[in-house]
Amino acid sequence: MHFSIDVDVAMPVEDKSKSLLPFLSSPKLLPNESEAEFQSGLQSLLSQLDNPSPLVVALVSQLNECLWWIKRHTVDKELLLHEAMARLLFKAGSNWMPSGNSKLSVALEHYLDGIAHKDEAALIEQALTDGNLTLSDLRVRAFKDAAKYIKMVDDLIHRQHQTIRHLQRSIDSIDYKSRLIKRMDLELAALESKQSVKGVLSLDDKPS
Amino acid sequence: MTISHHRSLTNQCNALKSTGPRSVAGKQASSQNSRKHGLNSAPDFESSSEYRALVDLIAEEGFSAFVCADIAAGLLNYRRVMDAYYDTYASPEPVDEFLRDANMKASNPIFSELLSPSGSEPQDVRDMAAFFASMQRQERRKGGLVSRRSSDTHKLIRYQRNGIARLSRAVRQG
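What counts, and where the lines are drawn
- Residues numbered from 1 in each chain as written.
- Chains lettered and ligands numbered in written order.
- Predicted model: local features only at pLDDT ≥ 70, side-chain atom pairs only at ≥ 80, totals over all residues.
- Heavy atoms only, no water.
- Helix = DSSP H or I, 4+ residues; strand = E, 2+ residues; numbered from the N terminus.
- Rg over C-alpha atoms; globule rule 2.2 N^0.38 Å.
- Buried < 20%, exposed > 50% of the residue type's maximum accessible area, 1.4 Å probe, protein only.
- Contact = heavy atoms within 4.5 Å.
- Areas by Shrake-Rupley, 256 points an atom, 1.4 Å probe, with all protein chains shown as cover.
- Lys, Arg positive; Asp, Glu negative; His and termini not counted.
- Charge placed at Lys NZ, Arg CZ, Asp CG, Glu CD.
- Salt bridge = Lys/Arg side-chain N within 4 Å of Asp/Glu carboxyl O.
- Phe/Tyr/Trp six-rings, centres within 6.5 Å; stacked < 30°, edge-to-face > 60°.
- pLDDT = per-residue confidence, 0-100.
- Buried area = accessible area lost by both parts, 1.4 Å probe.
- Polar contact = N/O pair within 3.5 Å; in protein donor to acceptor, adjacent residues only side chain to side chain.
- Nonpolar A, V, L, I, M, F, W, Y, C, P; charged D, E, K, R; others polar.
- Patch = residues over 30% accessible without salt bridge, like charges linked within 9 Å, V, L, I, M, F, W, Y side chains within 5 Å.
- Core = buried A, V, L, I, M, F, W, Y, C linked by side-chain atoms within 4.5 Å.

### Observations regarding the overall build of chain B
A count of helices and strands for chain B gives 9 helices and 0 strands. Along its sequence from the N terminus, chain B presents helices and strands in the succession α-α-α-α-α-α-α-α-α. Computed over C-alpha atoms, the radius of gyration of chain B comes to 26 Å, more than 25% over the 16 Å expected from 2.2 N^0.38 for 174 residues, which places it beyond the range of a compact globule. Of all 174 residues assigned to chain B, the portion counted as buried reaches 37%. Counting only contacts in chain B whose residues sit at least 6 apart along the sequence, the fraction spanning at least 24 positions is 72%. Summing over all exposed atoms, chain B offers an accessible surface of approximately 10,800 Å²; the carbon and sulfur share of this is 55%. If the 24 positive side-chain charges of chain B are averaged to one point and the 19 negative ones to another, these points end up 7 Å apart.

In structure tokens, the structure reads:
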């Protein structure tokens, strides 16, 4: 079972009753993620648009979610490496630890972040000595072991980039369409005013 | 070794007796047993109130009725895929840490003790140890939690690709 936070996306369109977002499921955040950060990303994307239509806001919201997924997957790449490093250390350890791999994983995580306790650091250093490894050796071997999964995460990141391109093209096409309509309206207005001036002139030319 | 005729008949008779869901409700429930994300089933957006509301709102932006319907269905479909993507990512198959970290060589005396009351042979102990060792290999091959969620989410790439292509095509044809 997992918990998620539904993001209530703020609607910057003038008339909130015209927003498409209430009819679409909202992007979900993991419990340790900041909703404020997610919202600020969305607001900064929307601030670059001049009076966006409800459809554009809906598309930009999807785009922001893709950027969020890229962040998540990038963190996962490092986590995969840590996971593989812990596995290798566990294998290298001469004694079977009843606490298992998880204690070693936590200790390694703290060790790499530089916040390990004395006993955690000792545990990692002992495991490294047992396996006749240095930390950089371990990292290289772990990269080799986790290459398959790292490639998968790279594919996931690439997919999000492709999705962003699709969304950008869609937003551009809506923007182009609205500009085209505005331009045609202006041209029509200009033609009408020209026509009315001509009409006035031709009336004036008529002999009385 | 070939199976004797008698054995083959016995197998067939037993197969006829095999239990499975018999009631309509049971069959309905078991039909969902292997359901993972539900993205292969055809969605029925047209009958939902969200779809109608989306079509009406998109129509106000000057799209034709046909395009509005396409965009609304595209948006709902894309959200369906992204919801499944999140669910798959957030709830990977749990890691059986005990099985993964167990020392199988050290477990042989435990297997002997477990099997001794039934008067089993040393071969049975070896079979049991081999069975657990193969389960452990499978568990280790799946990797940790991050590996599992990455490989599970990776399977949904094609659904996201198709979902966004459908939405983008609908918007651009307008």
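Read on, since the account is not over.
### Overview of the pattern of salt bridges
Applying the stated criterion to the full structure yields 14 salt bridges over all chains. A salt bridge links Arg79(B) to Glu65(A), with the nearest nitrogen and oxygen atoms 2.7 Å apart. In this pair, Arg79(B) is assigned in helix H4 (residues 65–90) and Glu65(A) in helix H2 (residues 54–92), connecting two distinct chains. Per residue, the accessibility class of Arg79(B) equals that of Glu65(A), and both read buried. Between Lys142(B) and Glu93(B) there is a salt bridge, with its nearest N and O atoms 3.0 Å apart. With Lys142(B) in the loop between helix H7 (122–141) and helix H8 (145–154) and Glu93(B) in the loop between H4 and helix H5 (97–101), this residue pair connects regions lying 49 residues apart in the sequence. What makes Lys142(B) partly exposed here is its relative accessible area of 33%. Since its relative accessible area comes to 40%, Glu93(B) is described here as partly exposed. Look at the salt bridges and you will find they share partners, linking Lys28(A), Glu65(A), Arg79(B) and Asp83(B) into a network.

### Some details on the packing of aromatic side chains
If you walk through the whole model with that rule in mind, you get 5 aromatic pairs over all chains. Arranged with centres 5.3 Å apart and planes meeting at 80°, the rings of Phe38(A) and Trp68(A) form a pair that is edge-to-face. On the criterion of sequence distance, the pair formed by Phe38(A) in helix H1 (residues 35–47) and Trp68(A) in helix H2 is long-range, its members being 30 residues apart. Summarising the burial analysis for this pair, Phe38(A) and Trp68(A) share the class buried. Here Trp69(A) and Tyr89(B) contribute two aromatic rings whose centre-to-centre distance is 5.0 Å and whose plane-to-plane angle is 90°, an arrangement assigned as edge-to-face. In this pair, Trp69(A) sits in helix H2 while Tyr89(B) sits in helix H4, so the two residues belong to two different chains. Exposure remark for Trp69(A): the relative accessible area of 0% places this residue in the buried category. On the basis of relative accessibility, which here comes to 3%, the residue Tyr89(B) falls in the buried class. Clustering of aromatic rings is evident, with ring pairs tying together Trp69(A), Tyr85(B), Tyr86(B) and Tyr89(B).

### Points about the confidence of the model for chain A
For chain A, mean pLDDT is 84; residues scoring 70 or higher make up 84% of the total. Mean pLDDT across the elements of chain A bottoms out in strand S1 (residues 5–6) of chain A (67) and peaks in H1(A) (93).

### Re the interface of chain A and chain B
Contacts between chain A and chain B engage 50 residues on the former and 49 residues on the latter. Here chain A meets chain B over a buried area of about 4,400 Å², counting both sides, of which 62% is carbon and sulfur. The interface formed by chain A and chain B holds 3 salt bridges in total. Taken together, the links from chain A to chain B amount to 21 residue pairs in polar contact (both at pLDDT 80 or more). Those elements giving two or more residues to the side of chain A that touches chain B turn out to be strand S2 (28–29), H2, helix H3 (101–113) and helix H5 (135–205) of chain A. Considering only residue class, the side of chain A that touches chain B consists of 22 nonpolar, 17 polar and 11 charged.

### Observations regarding the environment of Leu45(A)
Here Leu45(A) lies in helix H1. Considering only alpha carbons, one finds Leu45(A) and Ser25(A), 20 residues apart in sequence, at a separation of 20 Å.

### Side note on the environment of Gly38(B)
Following the sequence through the fold, Gly38(B) ends up in the loop between helix H2 (24–30) and helix H3 (49–59). As for Gly38(B) and Asp83(B), which are separated by 45 residues in sequence, their C-alpha atoms are 11 Å apart.

### Observations concerning a nonpolar patch on the surface
All names here are of chain A. A surface patch of nonpolar side chains, amounting to about 330 Å² of accessible area, comprises Tyr176, Leu180 and Met184. Tracing the backbone through its elements, the reader meets Met184 in helix H5. Given a relative accessible area of 51%, Met184 falls into the exposed group.

### Points about the nonpolar core
Counting residues in each nonpolar core, the largest one holds 75 residues, and the members touching the most others are Ile58(B), Ile71(B) and Leu75(B). Secondary-structure elements contributing two or more residues to this core are H1, H2, H3, helix H4 (118–130) and H5 of chain A together with H3, H4 and helix H9 (157–173) of chain B. No other element matches the 18 residues that H2(A) contributes to this core. The contacts of Leu75(B), once residues within four sequence positions are left out, are Leu20(A), Leu24(A), Leu55(A), Leu59(A), Ile58(B) and Leu167(B). Leu99(B), Ala102(B), Met104(B) and Val125(B) belong to the second-largest nonpolar core, a separate cluster that totals 7 residues.

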